[in-house]
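Here are the chains, one letter per residue:
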Amino acid sequence: MDFAYRMAEEKIKQAEKNGEFKDLPGKGKPLDFSEINAVPEDLRMSYTILKNANMIPEEMQIKKEMVDLEELISLCEHEEDKKVYRKQLGEKQIRFQTLMEKRKLGSSGAYRQYRGKIDGKMGL
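Computed from a predicted model, the values in this text were never measured in an experiment.

Time to look at the overall build of the protein chain. Within the protein chain one finds five helices and zero strands. Reading the helices (α) and strands (β) of the protein chain from amino to carboxyl end gives α-α-α-α-α. Across the 124 residues of the protein chain, 18% fall into the buried class. Considering only contacts in the protein chain between residues 6 or more positions apart, those separated by 24 or more positions represent 51%. Of the roughly 10200 Å² of accessible surface on the protein chain, 54% is carried by carbon and sulfur atoms.

As C-alpha cells, then:
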C-alpha cells in the first residue's frame, strides 16, 4: 500500500470514529443503479464522483445552456430579443465545438456510442 492510500484510510477511520458518517443523505435508502448502467464501465467511477458532487463536465453545461437559449428563442416575441439570444447561442455553439475538438470527444468510442442518449437527456 502506498502512503496516500494509508492516509486516506486513516482519515476515513477517524471520521467514522467521530460520527461524521451517521447522518449522511440517503442513509438507509436503496441505491439507484438505473443511470449508471448506461455509462461505460471504465467511466462509471468518474461519473459517480461528478454526479455526487453535483458537477457536470463543461461541455454538458454548455449543451444545457444551448437548449435553454433555443427554448428562449422559440418563445420570444420580440425580434430584438431573439437577435440577442441567437448571438449568445452562436457563441455557446462555438465554445462547445472548441471544447469538443480540444478534448477530441468526437473520436471517443464511448462518446460516439452514447451520444444519442446524452443528447436525449439534454433535450436535443
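From this point, the narrative continues.
Summed over all chains, the structure comprises two salt bridges. Residues Lys92 and Glu65 are paired through a salt bridge, measuring 2.6 Å at the closest nitrogen-oxygen approach. Here Lys92 is found in helix H4 (residues 79-103), whereas its partner Glu65 is found in helix H3 (residues 58-75), with 27 residues between them in sequence. Looking at Glu65, the relative accessible area reads 25%, which means it is partly exposed. Between Arg86 and Glu79 there is a salt bridge whose closest N-O contact spans 3.1 Å. For Arg86, a relative accessible area of 41% puts it in the partly exposed group.

Membership of the largest hydrophobic core is limited to eight residues, which are Ile62, Met66, Leu69, Ile73, Leu89, Phe96, Leu99 and Met100. If you list the elements that add at least two residues to this core, you get H3 and H4. With residues near it in sequence (within four places) discarded, Ile73 still touches Lys82, Tyr85, Arg86 and Leu89.

Conventions used here
- Per chain, residue numbering runs from 1 following the sequence as it is written.
- Residues qualify for local features only when their pLDDT is at least 70, as the model is predicted, and side-chain atom pairs are given and counted only at 80 or more; totals for whole chains, interfaces and linings, by contrast, use all residues.
- Calculated side-chain values reflect all of the structure's heavy atoms, with hydrogen atoms and water omitted.
- Per the convention used, a helix needs a DSSP run of H or I reaching at least four residues, while a strand needs a run of E reaching at least two, with both numbered from the N terminus.
- Partly exposed residues are those whose accessible area sits between 20% and 50% of the maximum for their type, while under 20% is buried and over 50% is exposed, using a 1.4 Å probe and protein chains only.
- A contact between two residues is defined here by any heavy atoms of the two lying within 4.5 Å.
- Accessibility throughout is a Shrake-Rupley quantity obtained with a 1.4 Å probe, and a residue counts as covered only by protein chains that appear here.
- The term salt bridge refers to a pairing of a side-chain nitrogen on Lys or Arg with a carboxyl oxygen on Asp or Glu at a separation within 4 Å.
- Nine residue types can take part in a nonpolar core, namely buried Ala, Val, Leu, Ile, Met, Phe, Trp, Tyr and Cys, and a core is a set of them joined through side-chain atoms within 4.5 Å.

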